[in-house]
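Remarks on the overall topology
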Amino acid sequence: MSAVLLTALVLAACDPGSTREPAVPQVPAERFYVEPAGAAAAQVREWDAQGRTGDAAAVRKIADEPTAVWFADDADGYADRARRLVAAATAAGRTPVLVAYYVPQRDCGGHSGGGAPDAEAYRTWIAALAEAIRGSRALVVLEPDALTHVLQGCLSGEAAEDRYALLDDAVQELKRESDVRVYLDAGNPGWIKDVDRVVDALDRAGVRGADGFSLNVANFETTEANIAYGTAISDRLGGAHFVIDTSRNGNGPADTSGSGDGHWCNPPGRALGPAPTTRTGHDRVDAFLWVKRPGESDGACGDGAPEAGRWWPDYALSLATN
């Protein structure tokens, strides 16, 4: 290249009138916190010690990824556990993901039944959790399935109104003087098909005071289906943002129509989905997250499955190798 041509190119690049667009710097992806002592990490160590190096390597795919930490009871020290979590994440320069899962009549008495004994107990519980993480950067997924169970009809009348009010209060408490981002759960595209009903429920539960809504928690619907469903909800909420649980949707949902719990409770043949990231390629999708911790059971629904939330090595290995 001649010196004259090189000079002309440099001047054109610097010329304010040049039609050439400047490069847009890429914003670094947010890094989520990885618990160093989770069940998956312990399983890796155990299988390595036993010489099961292939299985250990497979489950390391789970152990090395950030997964949400669930707060689902009022056991002594739960608030301190949350405080330690956000402190460790802050020290590591990462964002912790928490799940608040203690609403009264949780799961309508299903495999994950339980929750706070009454509304006042729940308000006390959520206030303590909010106080524990206030002042720290964190992301909270609020009460998976709580709204969709109302829409499904397992709560009605005064009980349904109480739930809407509790969720609205929880959003306000978590957001009060806080850098915490809150996403109110809205189910998944395979559950409540009527988007307008979901939008109405989210509105009544205070989603406009939150940072958005969450989809697919502990479920298996594809990322594409969730993006389409979430966008339809978002359109009706003025462009609200959302996050998607991709922890186990690599193979999509199981073909188990008519099998009851078999569609969502530890279905075979499922696989890990896209790794957690804020680089989703969609302006309204704030993150793909692993909210359900891969390898933890959905419930005691046959084939030796343990109770909901218990670590199940065989299922973890299946998810990691599929």
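Structural data are supplied above this passage.
Remember, it's a predicted structure, so these values are computed and weren't measured experimentally. Numbers given to residues run from 1 along each chain, matching the order in which its sequence is written. The predicted origin of the model limits local features to residues at a pLDDT of at least 70 and limits the giving and counting of side-chain atom pairs to 80 or more, whereas totals for whole chains, interfaces and linings rest on all residues. Side-chain metrics rest on all non-hydrogen atoms present in the structure, leaving aside hydrogens and water.

**Side note on the packing of helix α4 (residues 78-91) against helix α5 (residues 119-133)**
Spelled out, the test is: All axes here are fitted lines through C-alpha atoms, helices being fitted over the stretch that makes contact, and every angle between N-to-C directions spans 0 to 180 degrees. Working definition: helices are DSSP H or I runs of at least four residues, strands are E runs of at least two. Numbering for both runs from the N terminus. Should an angle fall under 35 degrees it is called roughly parallel, over 145 degrees roughly antiparallel, and 65 to 115 degrees roughly perpendicular, with every other angle called oblique. Throughout, a crossing is termed right-handed when the near helix is turned clockwise from the far one, and left-handed when it is turned anticlockwise from it by less than a right angle. Contacts were defined at the residue level, with two residues in contact if any of their heavy atoms lie within 4.5 Å. Note on residue categories: nonpolar means Ala, Val, Leu, Ile, Met, Phe, Trp, Tyr, Cys or Pro, charged means Asp, Glu, Lys or Arg, and polar means any other residue, Gly included.
Interhelical geometry of α4 versus α5 gives an angle of 25° and a closest axis separation of 8 Å. Classified by the angle between their axes, α4 and α5 sit roughly parallel to one another. When the axes of α4 and α5 are compared, the crossing they make is right-handed. The segment α4 lies against α5, with Y78, A79, A82, R83 and V86 engaging T124, W125, A128, L129, A132 and I133. Along the lines of polarity and charge, the residues of the contact of α4 with α5 split into 9 nonpolar, 1 polar and 1 charged.

**Concerning the state of the cysteines**
The following threshold applies: Count a disulfide wherever a pair of cysteine sulfur atoms falls within 2.5 Å. Only protein chains enter the accessibility calculation, which uses a 1.4 Å probe; a residue is then buried when its area is under 20% of its type maximum, exposed when over 50%, and partly exposed in between.
Inspection of every chain in the model, using the stated rule, returns 2 disulfides. One disulfide bridge connects C108 with C154, the sulfur atoms lying 1.7 Å from each other. Note that C108 is positioned in the loop between β2 (97-100) and α5 and C154 in the loop between α6 (146-152) and α7 (157-175), a separation of 46 residues in sequence. Given the relative accessible area of 35%, C154 is considered partly exposed. Linked covalently through their sulfurs, C265 and C301 form a disulfide whose S-S length is 2.1 Å. Given an S-S torsion of about -90°, the disulfide between C265 and C301 has left-handed geometry. Of this pair, C265 sits in the loop between β6 (242-245) and β7 (285-289) while C301 sits in the loop between β7 and α10 (313-321), and the two are 36 residues apart along the sequence. In this structure C301 comes out as partly exposed when scored by relative accessible area, which is 28%. Numbered in order of appearance, the disulfide-bonded cysteines of the chain are paired 1-2, 3-4.

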